[in-house]
Each structure stands twice: as structure tokens, then as C-alpha cells.
Amino acid sequence: MFSVRQMRYFDILATTLHFRKAAEVARISQPALSSQIAEMETRLGTTLFERTRRSVVLTDMGRRLLPRIQSILDEIRSLEDLALEKRGTLRGRLRLGIIPTIAPYLLPILIPDLHREYPDLTIELREAVTSKLVEDLRLGDLDALIAALPIDGEGTASLPLFRDRFLIATSSNDTDILSSPMTQENVAVERLLLLEEGHCLRDQALAVCTTVKQRQLVNYGATSLATLLQMVSHGMGLTLIPEIAVRTEASRNNVRIVSFADPEPAREIGLIWRKQSKRRDDFQALATAIKDCSRRLMITEKELSDLAA
């Protein structure tokens, strides 16, 4: 009765409840999306969404149809995964999402390794904040994602990849001498610079600095860690930096890196996929490759001592 494409558009719109956002997720124009939904409604002889200028709401028929369509889409994705599984480990297309505070540091090592070890693998990458990646994973637009654990997402499975400890970055010319190792209570929160809302690293930084109050924060949110470190290197404040980024960012910014005293704060990075996926062997192989790359990105105690001087 409905095409797979129409069911997918319906699922996206039922999730976002916003035609413009749904069209962006579906990567089609808003009129094209509206046309497909209208065709579904014509076939049913009833409306699926109540539309006003300010909101989109599922009708009773829409609510009854949603779980059935989602179940069908899950089965289709499982069949696609099964077909890929029969091709062998890490062959064919893999759509991988990754958060911005990991992507620029892990990918330059990971992608060449994967191309060398798995020449029949085609990787499609998508960089976005965790909430967007989880949404894309649920909708079937991604096969797996790399992000900090735990995540909010029903129907997902995960594998831990590596522990990424947090350090403090400040300008090498900073007149405030930071002791190393630091305690979390000694962070000068009134000088703490954070990524903008939506980035999980912002939330993690706030969790580490438990004494932070919103009014104490510098009123600026950078869009990337690289931008944040540029600001820090020019003496505009200090920030938390994950270990995976230290070697790259310290080589191109005038920063001093200070470690925390034990127990050091850290985030757990994991590989996440849909539980229904039949590609667990692929994800196990990918996780092994990522773990190997991450070990090469972690800094030695000698490097850390030099960066803290």
C-alpha cells in the first residue's frame, strides 16, 4: 500500500513533528515531503497529521500506524544488514557517525587503516552532536556511531572502545600558574570556556567542575574544540581538553596542559548501533581497529610532563 520511502518519511515526520526539520533529515525538499505524506493520506482516506502554522500533531490514525510502520522499517533494515553480513566482514557500505570532539583526531588515523585492512569497505561519515547522531541511527540513516557513553537511546547496543581522560588547557603565557596535578575543586570556573549547547563535551565539563554555577561561566560557546583552544592560547580563559585531542592541539596552539590528580576525570568512548542489526561481526572488527588507533593517540607521561612545564 505504501512505498518504503513513504513509510520512512512518515516515521521521520512523526519523530520530528516539524515539516522543515523532517525534510532536512530526509534530505528532500519540504514540498516533496508534504506530497508524499498527502499521497499516504489519500490512500488511507484520512489524515495522519493535524497541521497548524505552529505545530504538527499525529492524529489517532497516525498514532495507530506509527508502531506498525516502525516495525516494518526495522525488519527492512535487518534484511539489509543480513545481506551485508553474508558478504564478509567490513565489506560494502558502512554509514558511521562520529561526534566533533573525536572526529578530527581519530579519523586521520582510522580511515587509512581501514582502507588498508578492508579494501572492499566503503565508509560514509557523518559528524554531528550526539543527539542528532542517535536520531539518525534510530531512523536507519546511520549503521553505527562513535560517541561518549552512556547515551539516551532505546533499542541500542554498544561496545566500549577507550577511556579518554580530561586535562586542563591554558595559555602558555597565562600569569595564573596552575599546579599539576590539579584537583577538580581548584579549577578557576570563572575563566572556564565551554563548547556551545548541544555538545556532550560541554555537559561533561560541567559534570567535572561540580562547583560551576551558570552565572560563573564565560558567556561564550565555541562551535568546535579547535576554536576553543585558539581562544585559550590567546589568554581568554581555560578549558577541559580530552586526551585524544592533546597531541594535535598542543602542536598548533600556544597552550599548557595540566593533568588532574587521581581519580582523573574521563569519558568512556563507545561504538553504538541498533540492537536489531545483524552486523555485529562488522562492529566487533571496527571496534578492534578503533581501539588500536586510540592507543596511538594517547600521550605518554613524558609528553604530559613537557606540556605542563
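Above this text you will find the structure in question.
Report on the accompanying structure. (Residues numbered from 1 in each chain as written. Predicted model: local features only at pLDDT ≥ 70, side-chain atom pairs only at ≥ 80, totals over all residues. Heavy atoms only, no water.)

**A look at the overall build of the protein**
So, step 1. Helix and strand counts for the protein come out as 11 helices and 11 strands.
So, step 2. Buried positions account for 50% of the 309 residues belonging to the protein.
So, step 3. Counting contacts in the protein only where the partners sit at least 6 residues apart, residues at least 24 apart contribute 77% of the total. (Helix = DSSP H or I, 4+ residues; strand = E, 2+ residues; numbered from the N terminus. Buried < 20%, exposed > 50% of the residue type's maximum accessible area, 1.4 Å probe, protein only. Contact = heavy atoms within 4.5 Å.)

**Things to note about the pattern of salt bridges**
A pair can form between side chains of opposite charge whenever their charged atoms are brought close.
So, step 1. Applying the stated criterion to the full structure yields 25 salt bridges.
So, step 2. Between Glu 41 and Arg 51 there is a salt bridge, with the nearest N and O atoms lying 3.1 Å from each other. Of this pair, Glu 41 sits in helix α3 (residues 30-44) while Arg 51 sits in strand β1 (residues 49-51), placing them 10 residues apart in sequence.
So, step 3. A salt bridge links Arg 91 to Asp 120; the shortest N-O distance between them is 3.3 Å. Placement of the pair is Arg 91 in the loop between α4 (60-85) and β3 (92-98) and Asp 120 in the loop between α5 (103-117) and β4 (121-127), with a sequence separation of 29 residues.
So, step 4. Asp 120 gets classed as partly exposed once you look at its relative accessible area, which sits at 44%.
So, step 5. Residues joined in a network through salt bridges with shared partners are Asp 113, Arg 116, Asp 292, Arg 295 and Arg 296. (Salt bridge = Lys/Arg side-chain N within 4 Å of Asp/Glu carboxyl O.)

**Details of unusual backbone geometry**
So, step 1. Residue Pro 150 is bonded to the preceding Leu 149 through a cis peptide linkage, with omega at -10 degrees.
So, step 2. Inspection of the secondary structure assignment puts Pro 150 in the loop between β5 (144-149) and β6 (156-171).
So, step 3. Between Asp 262 and the following residue, Pro 263, the backbone shows a cis peptide bond with an omega angle of -5 degrees.
So, step 4. Looking at where Pro 263 falls in the secondary structure, it is placed in the loop between β10 (255-258) and β11 (266-274).
So, step 5. The phi torsion at Leu 17 lies on the positive side, around 50 degrees, for a residue other than glycine.
So, step 6. Topologically, Leu 17 is positioned in the loop between α1 (4-16) and α2 (19-26).
So, step 7. Looking at Leu 17, the relative accessible area reads 35%, which means it is partly exposed.
So, step 8. A positive phi angle is found at Leu 90, which is not glycine, with a value near 45 degrees.
So, step 9. Within the secondary structure, Leu 90 sits in the loop between α4 and β3.

**Points about the pairing of β10**
So, step 1. Of the two faces of β10, the one holding Val 255 and Ile 257 and the one holding Arg 256 and Val 258 are both buried throughout.
So, step 2. Pairing analysis gives 4 bridges linking β6 to β10, with the strands arranged antiparallel. Across the sheet, Ala 169 pairs through a bridge with Ile 257, a residue of β10. (Pairing = 2+ DSSP bridges.)

**So, the nonpolar core**
So, step 1. Formed by 72 residues in total, the largest nonpolar core has its most connected members in Leu 106, Ile 146 and Leu 271.
So, step 2. Apart from residues lying up to four places away in sequence, Ile 146 is in contact with Leu 96, Gly 97, Ile 98, Ile 99, Ile 102, Leu 106, Leu 161, Ile 269, Gly 270, Leu 271 and Ile 290.
So, step 3. With 24 residues, the next largest nonpolar core counts Ala 14, Ala 26, Val 56 and Leu 73 among its residues. (Core = buried A, V, L, I, M, F, W, Y, C linked by side-chain atoms within 4.5 Å.)

**Observations regarding the packing of aromatic side chains**
So, step 1. By the definition in use, this model includes 2 aromatic pairs.
So, step 2. Each ring, one from Phe 10 and one from Phe 49, has its centre 5.5 Å from the other, and the planes form 55 degrees; the classification is tilted. Here Phe 10 is found in helix α1, whereas its partner Phe 49 is found in strand β1, with 39 residues between them in sequence.
So, step 3. Phe 49 gets classed as buried once you look at its relative accessible area, which sits at 2%. (Phe/Tyr/Trp six-rings, centres within 6.5 Å; stacked < 30°, edge-to-face > 60°.)

**Comments concerning the environment of Arg 27**
So, step 1. Residue placement: Arg 27 occurs in the loop between α2 and α3.
So, step 2. Setting aside residues no more than four positions away along its own chain, Arg 27 makes contact with Arg 126 and Asp 141.

**A look at the packing of α1 against α3**
So, step 1. Axis separation between α1 and α3 bottoms out at 10 Å; the angle between their running directions is 105 degrees. In terms of axis orientation, α1 runs roughly perpendicular to α3. Packed against α1, whose contacting residues are Gln 6, Tyr 9, Phe 10 and Leu 13, the element α3 presents Leu 33, Gln 36, Ile 37, Glu 39 and Met 40 at the interface.
So, step 2. Tallied by class, the residues present in the contact of α1 with α3 amount to 6 nonpolar, 2 polar and 1 charged. (Axes fitted to C-alpha atoms, helices over the stretch in contact; angles between N-to-C directions. Parallel < 35°, antiparallel > 145°, perpendicular 65-115°, else oblique. Nonpolar A, V, L, I, M, F, W, Y, C, P; charged D, E, K, R; others polar.)

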